[in-house]
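Notes for the structure review
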Amino acid sequence: LAKTTQPISMDSYEGQEVNITCSHNNIATNDYITWYQQFPSQGPRFIIQGYKTKVTNEVASLFIPADRKSSTLSLPRVSLSDTAVYYCLVGGPNTGNQFYFGTGTSLTVIP
Amino acid sequence: SAVISQKPSRDICQRGTSLTIQCQVDSQVTMMFWYRQQPGQSLTLIATANQGSEATYESGFVIDKFPISRPNLTFSTLTVSNMSPEDSSIYLCSARGTAYGYTFGSGTRLTVV
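Residues numbered from 1 in each chain as written. Chains lettered and ligands numbered in written order. Predicted model: local features only at pLDDT ≥ 70, side-chain atom pairs only at ≥ 80, totals over all residues. Heavy atoms only, no water.

On to the nonpolar core, then. Generally speaking, soluble globular proteins have nonpolar side chains that are buried together. Grouped together as the largest cluster of nonpolar side chains are 26 residues, with contacts concentrated most on Trp34(B), Ile46(B), Phe66(B), Ile68(B), Leu78(B), Tyr91(B) and Leu110(B). Counting only elements with at least two residues in this core, the list comes to β3 (19-25), β4 (31-37), β5 (43-50), β8 (75-80), β9 (89-96) and β11 (108-112) of chain B. Considering every element that reaches this core, the biggest residue donor is β3(B), with four residues. Those residues in contact with Leu110(B) that lie beyond four places of it in its chain are Asp11(B), Cys13(B), Leu19(B), Val80(B), Met83(B), Asp87(B), Ser88(B), Ser89(B) and Tyr91(B). Grouped together as the second largest cluster of nonpolar side chains are 20 residues, Val18(A), Ile27(A), Trp35(A) and Leu107(A) included. (Core = buried A, V, L, I, M, F, W, Y, C linked by side-chain atoms within 4.5 Å. Buried < 20%, exposed > 50% of the residue type's maximum accessible area, 1.4 Å probe, protein only. Helix = DSSP H or I, 4+ residues; strand = E, 2+ residues; numbered from the N terminus. Contact = heavy atoms within 4.5 Å.)

If you look at the interface, chain B gives 20 residues, while chain A gives 21 residues. A combined buried area of about 1600 Å² lies between chain B and chain A, and 53% of that area is made up of carbon and sulfur atoms. If you look at where chain B meets chain A, you find six residue pairs in polar contact (both at pLDDT 80 or more). Mapped onto the side of chain B that touches chain A, the elements with two or more residues apiece are β4, β5, β9 and β10 (102-104) of chain B. When residues of the side of chain B that touches chain A are assigned to their parent elements, the largest contribution, four residues, is made by β4(B). Per-class residue counts for the side of chain B that touches chain A are 10 nonpolar, seven polar and three charged. (Buried area = accessible area lost by both parts, 1.4 Å probe. Polar contact = N/O pair within 3.5 Å; in protein donor to acceptor, adjacent residues only side chain to side chain. Nonpolar A, V, L, I, M, F, W, Y, C, P; charged D, E, K, R; others polar.)

Here we come to the pairing of β5(B). All names here are of chain B. Within β5, six of the eight residues are buried, which leaves the element mostly enclosed by the surrounding structure. In terms of strand pairing, β4 meets β5 through seven bridges, oriented antiparallel. Each residue of the ladder has a partner; that of Met31, found in β5, is Asn50. Between β4 and β5, which pair antiparallel in sequence order, lie five residues; one of them, Gly40, sits at a positive phi of approximately 75°. The pairing of β5 with strand β6 (residues 56-57) spans two bridges and is classified as antiparallel. (Pairing = 2+ DSSP bridges.)

Quantified by volume, the largest pocket comes out at close to 360 Å³. In this structure, the largest pocket is lined by 23 residues; those nearest its centre are Gln38(A), Val85(A), Gln37(B), Gly40(B) and Gln41(B). Going through the elements one at a time, β8 (84-91) and β9 (105-110) of chain A together with β9 of chain B are the ones with two or more residues in the lining of the largest pocket. Considering every element that reaches the lining of the largest pocket, the biggest residue donor is β8(A), with three residues. There is about 160 Å³ of room inside the second largest pocket. In terms of lining residues, the second largest pocket is bounded by Gln37(A), Phe39(A), Arg45(A), Ile47(A), Val59(A), Leu75(A), Pro76(A), Val78(A), Ser81(A), Asp82(A) and Tyr86(A). Here the lining of the second largest pocket is built from residues that sort into seven nonpolar, two polar and two charged. (1 Å grid on protein atoms, 1.4 Å probe; cavity = no way out; pocket = protein on both sides within 12 Å on 5 of 7 lines; lining within 4 Å. Points joined across faces, edges and corners; volume = space filled by probe spheres on them.)

See below:
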């Protein structure tokens, strides 16, 4: 099982770009990298997913280097409402499609 | 992507009793998953529920304590049996949405007294 390592917490001021890096040294060939956001008292919400290089959607970008042993979630111009826990997960057919959550990164956006 | 309705949203139960949590998905999904989340902690996978077969449990979780049903491709239940205060937690179900992204229910906050 690919294990992920993320910083436990991060602080950022409003309007700044936030980059959260996740290490997954044992990622398998068929594994995808997926990031989730969780607010208190809610279930995790899908943010973005990628396999390699760069993926961008309306809320975030995901950067994955060629060796895929890490990935970086980039949140542009964060606001107070982005305060949440962010989880990096790896998984795919080789893990039976189960996702195992790591510790996550608690992001606090400061006014 | 799939939308999951989970209920109850919260409950307070007496020790020794059982609670069944229900998850309804708005589309057919092959695999559903049940997680537990202690306050302030990450999610721990309890089991994987496939329609038509017995659930597969992770280490530390057993069927007698957490029986799961998966009668069709849109529905699953998790029962927390013979509850003790240590079972107080948030329980979440999940199903595969698009590609490898998964959708989660809003969770059931269980307090055992």
